[in-house]
Amino acid sequence: VLFNDSLLVEPSPAHFRSAFEQPRLSMIISGEGGSGKTSLACQLARWAMAEPGEERLAEHRMLPILIEHGSAALSRNGSSPLKEAIRRQAELLLGKEESISFELLEQLLVNKRILLIIDHLPELHDETRRLLEGAAVPGLPVAALVVTVQSTRSDVTGAAWTMAPCPIEPDSIAEFLSAYLKRSGKRDLFTDREFLEACVRLSEMAGDRTITLLLARTYADQMVAAKEAIRTHPLPGNIPDLLVSYLHELNRGVAEERKLAGESVQRLMRTIAWECVKGTFHPATTRWSDVMSALPEESVPPENLAYCCDQLGLLQRVDETGEEVRIASDPLAEYLAALRLIELLGPDENAWRDHLLEMRNRPGAPATIRGFILALRECCLVKHKEAGIPSFVLKELARLAASVLSAV
């Protein structure tokens, strides 16, 4: 990871103690979807509550509270949903049946006994900036705050401490796969020739750009599945097929009596993904009722939503009613949404022109919708013949992709 201006090859608690010794800590973890931001934040959480002193971030143990999809709570007015969410999480973690007073919660926050992690902000809202600059959750002070934000910009500001997981460069693929397989106890499954061939295949899939940890890990897991004869078909040769295959493998692991048909999972997830992405061309939330409306030709029982949430872990419920959901992985959402868009538009030239114009007119585009541009371009390259995608679409997406890649 890149911590402020220092490259940390193997981060440890010692690297971050100087930050946590400050009277007030505000930290941004930034990176593109699938880069490992949430995993890194959760590692900080584990170190914060570690028992041995040398493995902790601070002199005392801290209670980590993770608030997911904090942008929705931060952008609402009224009764401070974020404040209530922090209290509910504290009550759950402490196992208290009675309500914690805001006075106690304030003391825990102001004395750095709570590490507040607000995860998955698509951008730095004004409310977030005020938090990082020393204001507070409405009605509550915060002395130790970590925010994850999807951004590939190097000029993320607002916090004294910044961290970014580094993507995997093309010439580091073999090193990463070797380390990952050794940690998993699976490296001995492969001869050196088999391992190098797999590295070359992933390198070809990546082309001349970096890949995220999520994609590299997914590829490695499917290497293992193929070797252990869990899967019978060859490894995918491109990223869209890799992620589609990932869904198949997840579904394959469910017990037969609880399993949903693979095609039903694929169709449902593509539809949910497009409903999540289509408003802003960036992964967000959608309502289950909107998903059902997008599939008018069939009845989609609520059990299918529960299956994708609970059995496969592909979806997250954002609200207590379960009506509002999002896809757990941004890259998965972007690629599945791109595949759904190709299904919807096919060879329709006018529809593609309107869609591309809408993408170009998005505020801050193309940089703000980088992930979807790259996903759509790769999916179009793979599916253009069978879907009859007009040639001008590929040219325009190539131009947009070159623009966002050169800006990184």
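Only a predicted model underlies this, so the values are computations on that prediction, with no experimental measurement involved.

**Student:** Would you take a moment to explain the layout of surface pockets for this structure?
**Tutor:** In this structure, the largest pocket occupies an estimated 2,000 Å³ of space. Taken together, 49 residues make up the lining of the largest pocket; nearest its centre are Ser35, Gly36, Ser39, Phe176 and Leu213. For the lining of the largest pocket, the elements supplying multiple residues, two or more each, are helix H2 (37-48), strand E4 (63-68), strand E5 (114-121), strand E6 (144-150), helix H7 (173-183), helix H9 (213-227) and helix H14 (330-345). At eight residues, the largest contribution of residues to the lining of the largest pocket is made by H2.

**Student:** Is there a simple way to explain the nonpolar core in this structure?
**Tutor:** Generally speaking, soluble globular proteins have nonpolar side chains that are buried together. In this structure, Leu177, Tyr219, Met269, Trp352, Phe372 and Leu376 are the most contacted members of the largest nonpolar core, which totals 75 residues. Counting residues per element, this core draws most heavily on H14, which supplies ten residues. With residues up to four places along the chain from it excluded, the contact list for Leu177 reads Phe195, Cys199, Leu202, Ala216, Tyr219, Ala220 and Met223. Listed in part, the 24 residues of the second largest apolar core include Phe20, Leu25, Leu57 and Ala58.

**Student:** What's the story with the packing of helix H8 (residues 192-206) against H9 in this structure? I'm lost.
**Tutor:** Here H8 crosses H9 at 140°, and the two axes come no closer than 11 Å. The pairing of H8 with H9 is recorded here as oblique in orientation. Crossing angle aside, the handedness with which H8 passes H9 is right-handed. Along its contact with H8, which presents Glu194, Ala198, Arg201, Leu202 and Met205, the element H9 presents Ala216, Tyr219, Met223 and Lys227. Of the residues assigned to the contact of H8 with H9, the class counts are six nonpolar, no polar and three charged.

**Student:** Would you mind showing me how to read helix H1 (residues 13-20) here?
**Tutor:** Within an α-helix, residues lying three or four positions from one another point in the same direction, as the helix has 3.6 residues per turn. Taken together, the buried positions of H1 are occupied by Pro13, Phe16, Ala19 and Phe20. Down the axis of H1, the buried set is contained in an arc of 105°. They therefore lie on one face.

**Student:** Hey, could you run me through the confidence of the model for the protein chain in this one?
**Tutor:** It should be kept in mind that the predicted coordinates are not to be read in detail where pLDDT is low. The predicted model of the protein chain averages 84 in pLDDT, with 86% of residues at 70 or higher. Element-level mean pLDDT values for the protein chain span from 52 in helix H3 (residues 70-74) up to 95 in helix H15 (residues 349-360). Ignoring residues within four places in sequence, the model shows residues 75-79, a span with pLDDT below 50, making three contacts including any to other chains.

What counts and how
Residues numbered from 1 in each chain as written. Predicted model: local features only at pLDDT ≥ 70, side-chain atom pairs only at ≥ 80, totals over all residues. Heavy atoms only, no water. 1 Å grid on protein atoms, 1.4 Å probe; cavity = no way out; pocket = protein on both sides within 12 Å on 5 of 7 lines; lining within 4 Å. Points joined across faces, edges and corners; volume = space filled by probe spheres on them. Helix = DSSP H or I, 4+ residues; strand = E, 2+ residues; numbered from the N terminus. Core = buried A, V, L, I, M, F, W, Y, C linked by side-chain atoms within 4.5 Å. Buried < 20%, exposed > 50% of the residue type's maximum accessible area, 1.4 Å probe, protein only. Contact = heavy atoms within 4.5 Å. Axes fitted to C-alpha atoms, helices over the stretch in contact; angles between N-to-C directions. Parallel < 35°, antiparallel > 145°, perpendicular 65-115°, else oblique. Left-handed = near helix turned anticlockwise from the far one by under 90°. Nonpolar A, V, L, I, M, F, W, Y, C, P; charged D, E, K, R; others polar. Arc of directions from axis to C-beta. pLDDT = per-residue confidence, 0-100.

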